[in-house]
Amino acid sequence: MTTSARGATGTTADPALLVLEDGRTFRGRAYGAVGETFGEAVFSTGMTGYQETLTDPSYHRQVVVMTAPHIGNTGVNDEDPESGRIWVAGYVVRDPARTPSNWRSTRSLDEELRDQGIVGISGVDTRALTRHLRERGAMRVGIFSGAAAATEEAALLARVREAPAMQGADLCGEVATQEPYVVPARGEKRFTVAAIDLGIKGMTPHRMAERGIEVHVLPATATARDLDAVDPDGVFFSNGPGDPATADQPVELMRGVLERGTPLFGICFGNQILGRALGFGTFKLKYGHRGINQPVQDRTTGKVEVTAHNHGFAVDAPTDRVSDTPYGRAEVSHVCLNDGVVEGLRLLDKPAFSVQYHPEAAAGPHDAAYLFDRFVELMRDGNTQHDATPLEDQRA
């Protein structure tokens, strides 16, 4: 939740104060707009890709702490945004670039934050702040700059603790498109996909279009009738913000897709939606996975890939056995090698799979691009699962 003073006058010399809900504070200087903002404090470990991070709708209502110390050196351009605006509630950096230097840069990051009313703070010991969040967990936070920073800390802390928590937050409808739109296939059209926008990034339909897919992006409130109007060869459920436990309508829509046997692919929030549709629970991680250097093992091949993550919730599913669900057998297909968190699901009797991370690589490595090809294979093969052999049988 941001209550920043949009268009407020101020400079980077203005004092700023970061207040965590457990009472710890960090002082620094204003960065971006001057005012105040509230959200959930999280950290991102990416050393590059800050523009994609800022414009990722999955960061809605979160205050992002960048672990890389030097931010803003390539400025801001008009090619790299993943949506039409900055979605983070606030931004925390240690050492902002004084002068951007890149041939594509059109303005500084500080200017962009200020123009979009995003309150940030610089000069903070982000290493100490990140260690605190790892030890104590993600928590509510407020950033106050300018006149707001002069308020008594006890009063500011009380306001931080009044801010809404991320657990129980229903946010995907706040970031999704309100009207359907189409991203045409590049080259010869091979398939039609209905993409449910729960907070979709711009590069995702682009990656499908590269493979000859015409993508019909539908609002988060899409119904089975909306899908019928598209008559898709496959259905895609996107990433998005908030608590998956609140996303009842997308879960019901996905169950309908599973009943029909239409090929299905979900990422990030879409992975959690699939987990719920299959009858698994979801839970909030202590501090989440955010960044572009997270190691994940694809258990169907044994290969390890470095992946882009942005999630604070995860699916609670058994990783050591095949599970029976209302839609047939299911198993965990991918796991995070840092902590064993479920990073992917696949059905063995239906053409459906999902991953918890971002295979579109914006920003991030391209290790997971093959997942879009798996989706193409499912649509090409119709209702035949590409490889329905359980992992435990493959290992035998």
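Given the structure is predicted, the values throughout are model-derived calculations rather than measurements.

**Digging into the pattern of salt bridges**
Throughout the structure, instances matching the rule amount to 25 salt bridges. Across the salt bridge formed by aspartate 373 and arginine 211, the nearest N and O atoms sit 2.7 Å from each other. Taken together, the residues aspartate 373 in helix α10 (residues 370-381) and arginine 211 in the loop between α6 (203-209) and β12 (213-218) connect sequence positions 162 residues apart. When salt bridges that share partners are traced, they join Arg186, Arg207, Glu210, Arg211 and Asp373 into one network.

**A short note on the sheet that holds strand β2 (residues 25-32)**
Pairing between sheet strands relies on hydrogen bonds along the backbone, with the strands arranged either parallel or antiparallel. With mixed pairing, the 7 strands of this closed barrel are ordered in space as β1-β2-β8-β6-β4-β3-β9. Taking the axes of each pair of neighbouring strands and ignoring which way they run, one obtains an average angle of 35° across the sheet.

**So, the packing of aromatic side chains**
Summed over the entire model, instances satisfying the criterion amount to 6 aromatic pairs. Relative to phenylalanine 144, the ring of phenylalanine 38 lies with its centre 5.5 Å away and its plane at 80°, an arrangement referred to as edge-to-face. Here phenylalanine 38 is found in strand β3 (residues 36-44), whereas its partner phenylalanine 144 is found in strand β9 (residues 139-145), with 106 residues between them in sequence. Each member of the pair, phenylalanine 38 as well as phenylalanine 144, carries the same accessibility label: buried. Judged by centre distance (5.9 Å) and plane angle (80°), the rings of phenylalanine 265 and phenylalanine 372 are edge-to-face. In this pair, phenylalanine 265 sits in strand β14 (residues 264-267) while phenylalanine 372 sits in helix α10, placing the two residues 107 residues apart along the sequence. Pairwise contacts between aromatic rings join Phe236, Phe265, Phe353, Phe372 and Phe375 into one cluster. Seen from the ring of tryptophan 87, arginine 85 lies directly overhead, with NZ or CZ sitting 3.8 Å from the centre. Positioned above the aromatic ring of phenylalanine 313, the side-chain terminus of lysine 284 is 5.7 Å from the ring centre.

**Quick look at the UniProt feature "binding site: L-glutamine" (unreviewed entry) in the protein**
As annotated by UniProt and renumbered to match this structure, "binding site: L-glutamine" (unreviewed entry) occupies Ser58, Gly240, Gly242, Phe269, Gln272, Asn310, Gly312 and Phe313. Spatially, the listed residues are clustered: although they cover 256 residues, their C-alpha atoms lie within 13.4 Å of one another. Here glycine 240 is to be found in the loop between β13 (234-237) and α8 (248-260). Mapped onto the secondary structure, glycine 312 falls in strand β16 (residues 304-316). Those residues within four positions of glycine 312 in sequence are excluded, and the remaining contacts are Phe283, Lys284, Leu285, Gly288 and Arg290.

**Topic: the pairing of strand β19 (residues 342-347)**
Among the 6 residues in β19, 6 count as buried, and that is most of the element. Relative to β19, strand β18 (residues 328-336) runs antiparallel, the two sharing 5 bridges. In the sheet register, glutamate 331 faces β19, and the bridge partner there is arginine 346. Hairpin connection of β18 to β19: 5 residues between the antiparallel strands, including glycine 340 at a positive phi of 75°. As paired elements, β19 and strand β20 (residues 352-355) share 3 bridges and run antiparallel to each other. If you follow glycine 344 over to β20, its bridge partner there is valine 355. Here β19 folds back onto β20 in antiparallel fashion, the turn holding 4 residues.

**Observations concerning the domain arrangement of the protein**
If you check the domain split of the protein, you get domain 1 (15-162) and domain 2 (172-384). Contact residues are listed per partner, giving 23 residues for domain 1 and 22 residues for domain 2. A combined buried area of about 1800 Å² lies between domain 1 and domain 2, and 48% of that area is made up of carbon and sulfur atoms. Contact with domain 2 buries surface across domain 1, with Pro57, Ser58 and Glu82 losing the most and accounting together for 29% of the total. Put simply, domain 1 and domain 2 have 1 salt bridge between them. One salt bridge connects lysine 284 with glutamate 40, and the closest N-O pair in it is separated by 2.6 Å. Split by residue class, the side of domain 1 that touches domain 2 holds 7 nonpolar, 9 polar and 7 charged.

Conventions and cut-offs
Residues numbered from 1 in each chain as written. Predicted model: local features only at pLDDT ≥ 70, side-chain atom pairs only at ≥ 80, totals over all residues. Heavy atoms only, no water. Salt bridge = Lys/Arg side-chain N within 4 Å of Asp/Glu carboxyl O. Helix = DSSP H or I, 4+ residues; strand = E, 2+ residues; numbered from the N terminus. Pairing = 2+ DSSP bridges. Axes fitted to C-alpha atoms, helices over the stretch in contact; angles between N-to-C directions. Phe/Tyr/Trp six-rings, centres within 6.5 Å; stacked < 30°, edge-to-face > 60°. Buried < 20%, exposed > 50% of the residue type's maximum accessible area, 1.4 Å probe, protein only. Lys NZ or Arg CZ within 6 Å of the ring centre and 35° of its normal. UniProt positions renumbered as here; feature names shortened; annotations may be inferred. Contact = heavy atoms within 4.5 Å. Domains from an automatic or database assignment. Buried area = accessible area lost by both parts, 1.4 Å probe. Nonpolar A, V, L, I, M, F, W, Y, C, P; charged D, E, K, R; others polar.

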